[in-house]
Amino acid sequence: MSTAAAPVRSGAVLADLLPAARHRYAVDAALVLGGAALTGIAAQIAVPVPGSPVPVTGQTFAALLIGTALGARRGFLSLALYALVGMAGVPWFAEASSGWSMPSLGYVFGMLLAATVVGALARRGGDRSVPRTAGTMVLGSAIIYAIGVPYLALSTGMSLSAAVAAGLVPFLIGDALKAALAMGLLPTTWKLLGHRG
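Residues numbered from 1 in each chain as written. Predicted model: local features only at pLDDT ≥ 70, side-chain atom pairs only at ≥ 80, totals over all residues. Heavy atoms only, no water.

A.B. asks: So what's going on with the packing of aromatic side chains? Residues and values would help.
C.D. replies: Applying the stated criterion to the full structure yields four aromatic pairs. In this structure, Arg128 is placed above the aromatic ring of Trp190, and the distance from its NZ or CZ to the ring centre is 3.6 Å. (Phe/Tyr/Trp six-rings, centres within 6.5 Å; stacked < 30°, edge-to-face > 60°. Lys NZ or Arg CZ within 6 Å of the ring centre and 35° of its normal.)

A.B. asks: Tell me about the packing of helix H2 (residues 59-70) against helix H5 (residues 130-156), residues and numbers included.
C.D. replies: Relative to each other, H2 and H5 sit at 125 degrees, their axes nearing to 11 Å. Taken together, the axis directions place H2 and H5 in an arrangement best described as oblique. Note that H2 runs across H5; the crossing there is right-handed. Of the residues in H5, those in contact with Thr60, Leu64 and Thr68 of H2 are Thr136, Met137, Gly140, Ser141 and Ile144. Of the residues belonging to the contact of H2 with H5, the class tally is three nonpolar, five polar and no charged. (Axes fitted to C-alpha atoms, helices over the stretch in contact; angles between N-to-C directions. Helix = DSSP H or I, 4+ residues; strand = E, 2+ residues; numbered from the N terminus. Parallel < 35°, antiparallel > 145°, perpendicular 65-115°, else oblique. Left-handed = near helix turned anticlockwise from the far one by under 90°. Contact = heavy atoms within 4.5 Å. Nonpolar A, V, L, I, M, F, W, Y, C, P; charged D, E, K, R; others polar.)

A.B. asks: Could you give me a rundown of the confidence of the model for the chain, with the residues and numbers involved?
C.D. replies: Do not read the predicted coordinates in detail wherever pLDDT is low. Residues of the chain with pLDDT of at least 70 account for 92%, and the chain-wide mean is 90. Across residues 1-7, confidence stays below pLDDT 50; counting only partners more than four residues off in sequence or on other chains, it has four contacts. (pLDDT = per-residue confidence, 0-100.)

A.B. asks: Report on the nonpolar core, specifying residues and quantitative values.
C.D. replies: By size, the foremost hydrophobic cluster in this structure holds 47 residues, and its most contacted members are Leu79, Tyr82, Phe93, Tyr107 and Val108. Of all the secondary-structure elements, those providing two or more residues to this core are helix H1 (24-43), H2, helix H3 (72-87), helix H4 (105-122), H5 and helix H7 (172-192). Leaving out residues up to four positions away in the same chain, Tyr82 has contacts with Ala36, Thr39, Gly40, Ala43, Gln59, Trp92, Phe93, Ala94 and Val108. (Core = buried A, V, L, I, M, F, W, Y, C linked by side-chain atoms within 4.5 Å. Buried < 20%, exposed > 50% of the residue type's maximum accessible area, 1.4 Å probe, protein only.)

A.B. asks: Quick rundown of the pattern of salt bridges? Include the residues and the values.
C.D. replies: Scanning the model with the defined rule gives six salt bridges in all. When the shortest N-O distance is used, the salt bridge between Asp16 and Arg74 registers 2.7 Å. Of this pair, Asp16 sits in the segment before H1 while Arg74 sits in helix H3, and the two are 58 residues apart along the sequence. An identical accessibility class is assigned to Asp16 and Arg74; each is buried. Between Asp28 and Arg24 there is a salt bridge, with the nearest N and O atoms lying 3.1 Å from each other. (Salt bridge = Lys/Arg side-chain N within 4 Å of Asp/Glu carboxyl O.)

A.B. asks: Could you give an account of the packing of H1 against H2, naming the residues involved and the relevant values?
C.D. replies: H2 packs onto H1 with a crossing angle of 160 degrees between their chain directions and a minimal axis gap of 8 Å. As the angle between them shows, H1 and H2 are arranged roughly antiparallel. Crossing angle aside, the handedness with which H1 passes H2 is right-handed. In this structure, H1 contributes Leu31, Gly35, Leu38, Thr39, Ala42 and Ala43 to the contact, and H2 contributes Gln59, Ala62, Ile66 and Leu70.

A.B. asks: Go over unusual backbone geometry with me, naming the residues and quoting the values.
C.D. replies: Look at Glu95: it is not a glycine, yet its phi comes out positive at around 55 degrees. As for its placement among the helices and strands, Glu95 is situated in the loop between H3 and H4. Judged by relative accessible area, Glu95 falls into the partly exposed class, the value being 45%. Phi is positive for Ala96, close to 55 degrees, though the residue is something other than glycine. Topologically, Ala96 is positioned in the loop between H3 and H4. Residue Ala96 is classed as partly exposed on the basis of its relative accessible area, which comes to 45%.

Encoded structure:
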């Protein structure tokens, strides 16, 4: 009996390694729903930041991980579902919040775009090595802040520099730790599965 891993087609992401056969749409739907639910659960891991209306949460890490593992299309759909259901009133944004009026909603929109971009990069091997994963996670985080920080400024009346101080600077160390975790987790998963990229 051979233990060699089956070859993976070029452009595959981790979710593509799941057996699907005739049930591809059901598997994709389950992955999308699971990704949205995981983001909602991770959002409840929240630590308030003094002087900032934005808490440190696990949802940004979940969003980047989901985008990378599921690919751009499924990652986008997962985060779109998360955003739409939360805006409709399900309390699964950070600290069990929901709706349209949160100053941190821009970060949710940023996560939607970031999951899509990191998913596209993962299809090009952006999660197969430590340096590539680092670049993918840094770009994904930058996208989240590029949308979240200006939205924070507009929704609260803060100046842009005040929004950077309240909505970016306090999170940099945590983001570095999340990126380091992804740098260990994603390439290791590919290696354990016996695939190279």
